[in-house]
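Structural overview for review
Listed here are the chains, written in short residue letters.
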Amino acid sequence: VKVAGKVAIVTGGGNGIGRAVAARLAGAGARVLVADLDAEAADQASAEINETHPGATISAGGDVSDEVTIRGLITMVKDAYGPADLFFANAGIATGRGLNAGEDVWDRAIEVNLRAHIRAARLMLPGWLERGEGYFVSTASAAGLLTQIGSPVYAVTKHAAVAFAEWLSITYGDQGVRVSCLCPMGVNTNLLRAGAANADEPMSAASSKAVTSAGAVLEPDQVAEVVMEALADERFLILPHENVLEMYRQKSSDYDRWLRGMRRYQSRLLSDS
Ligand SMILES: NC(=O)c1ccc[n+]([C@@H]2O[C@H](COP(=O)([O-])OP(=O)(O)OC[C@H]3O[C@@H](n4cnc5c(N)ncnc54)[C@H](O)[C@@H]3O)[C@@H](O)[C@H]2O)c1
């Protein structure tokens, strides 16, 4: 897709990957609604981008797992720039360690990492189908293709996000709806830093180290650059860490061998922590 002149909504755009993607989109000539639970971060990100690209972005605070909030974002961007062509379901949380993660932790992660995507797609699709085009970009994670050591909550909700993105592409791809799914490993953002800061017990430490030791920790802007290339090619799977593809191949070619390898990797991380 050519993003110049297009209108985009980026959730979780106040920080990290979303903020970098919003900046790249604006740089490429798109107009962007930066949405974030942290309204101040959204405002700041938008103001900073507008310094270099005047009028390219607007901002809104709100919980993007809430359908009323998503409806509000869609109306807001339509009034400012016209109907949204691209929706980046990027907001996400990395919570929940081990089997005893509470029901409330599971519920929240399912809401933000999965159901926010479903609700956004449900609201965006009718307009896109009518216009014969639209682009849904899901930020899942390499944890959605492989796993997340230490966190069943993250591993499961990110797998679900990948599954939903695949389903959307299969179901609506022939009607002009494009879908991409971003699956990075470590990216230098608050989310990753918070994980490291909470590494006070062995499983949390192993979980955090698993992300940072399996490959390079990229900067958000490096990830955003790869996202822009993938959008130009309309490629489904966006892998800023190239080794994820090889790991994914190994998993699918011999599941039991992959599971044994992951157990070995986990015990190494646990004995180091
Ligand atoms: N950083 C990594 O290593 C990494 C790796 C793989 C995938 N991801 C995914 O990338 C996405 C972006 O994360 P990031 O690393 O840039 O982290 P980040 O913490 O810098 O940014 C996430 C943003 O999402 C916002 N957010 C959280 N819940 C929200 C909600 N309910 N409504 C609106 N906004 C909400 C936060 O306020 C924050 O500004 C997430 O989905 C994350 O799971 C991150």
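Residues numbered from 1 in each chain as written. Predicted model: local features only at pLDDT ≥ 70, side-chain atom pairs only at ≥ 80, totals over all residues. Heavy atoms only, no water.

Quick notes on the sheet that holds strand 1 (residues 7-11)
The strand order across the open sheet formed by 7 strands is 3-2-1-4-5-6-7, and the pairing between neighbours is parallel. Edge strands, defined here as strands with exactly one partner in the open sheet, are strand 3 (57-61) and strand 7 (237-238). Across 4 bridges, strand 4 (residues 86-89) lies against strand 5 (residues 134-139) in parallel orientation. Bridging from a neighbouring strand, leucine 86 pairs with tyrosine 135 of strand 5. (Pairing = 2+ DSSP bridges. Helix = DSSP H or I, 4+ residues; strand = E, 2+ residues; numbered from the N terminus.)

Some details on the side chain of histidine 117
In this fold, histidine 117 is placed in helix 4 (residues 103-131). Setting aside its immediate chain neighbours within four residues, histidine 117 contacts Ala89, Val112, Phe136, Ser138, Thr139, Ala161 and Phe164. (Contact = heavy atoms within 4.5 Å.)

As for helix 10 (residues 255-272)
Residues separated by three or four positions in an α-helix point in the same direction, a consequence of the helix having 3.6 residues per turn. Under the 1.5 Å per step criterion, the end-to-end length of helix 10 is 26 Å for 18 residues, consistent within 8% with the ideal 26 Å. Among the residues of helix 10, those classed as buried are Trp258, Tyr265 and Leu269. Down the axis of helix 10, the smallest arc covering the buried residues is 35°, so these residues share one side. Turned more than 90 degrees off the buried face of helix 10, the exposed positions are Asp256, Arg257, Arg263, Arg264 and Ser271. (Expected span 1.5 Å × (residues − 1). Buried < 20%, exposed > 50% of the residue type's maximum accessible area, 1.4 Å probe, protein only. Arc of directions from axis to C-beta.)

A closer look at helix 8 (residues 220-233)
Given a rise of 1.5 Å per residue, 14 residues ought to cover 20 Å, and the 20 Å separating the end C-alpha atoms of helix 8 matches this to within 8%. Every buried residue of helix 8 is listed here: Pro220, Val223, Ala224, Val226, Val227, Met228, Ala230 and Leu231. One or two positions beyond helix 8, positive phi appears at glutamate 234, with a value near 55°.

Looking at the packing of aromatic side chains
By the definition in use, this model includes 5 aromatic pairs. Here the aromatic cluster, defined as three or more aromatic residues joined through ring pairs, consists of Phe87, Phe136, Phe164, Trp167 and Tyr172. A cation over an aromatic ring shows up here: lysine 251 above the ring of tryptophan 258, its NZ or CZ 4.6 Å from the ring centre. (Phe/Tyr/Trp six-rings, centres within 6.5 Å; stacked < 30°, edge-to-face > 60°. Lys NZ or Arg CZ within 6 Å of the ring centre and 35° of its normal.)

Things to note about unusual backbone geometry
Positive phi outside glycine occurs at glutamate 234, with the angle close to 55°. Structurally, glutamate 234 can be placed in the loop between helix 8 and strand 7. By relative accessible area, glutamate 234 is classed as partly exposed at 35%.

Shape descriptors only; they carry no functional weight alone.
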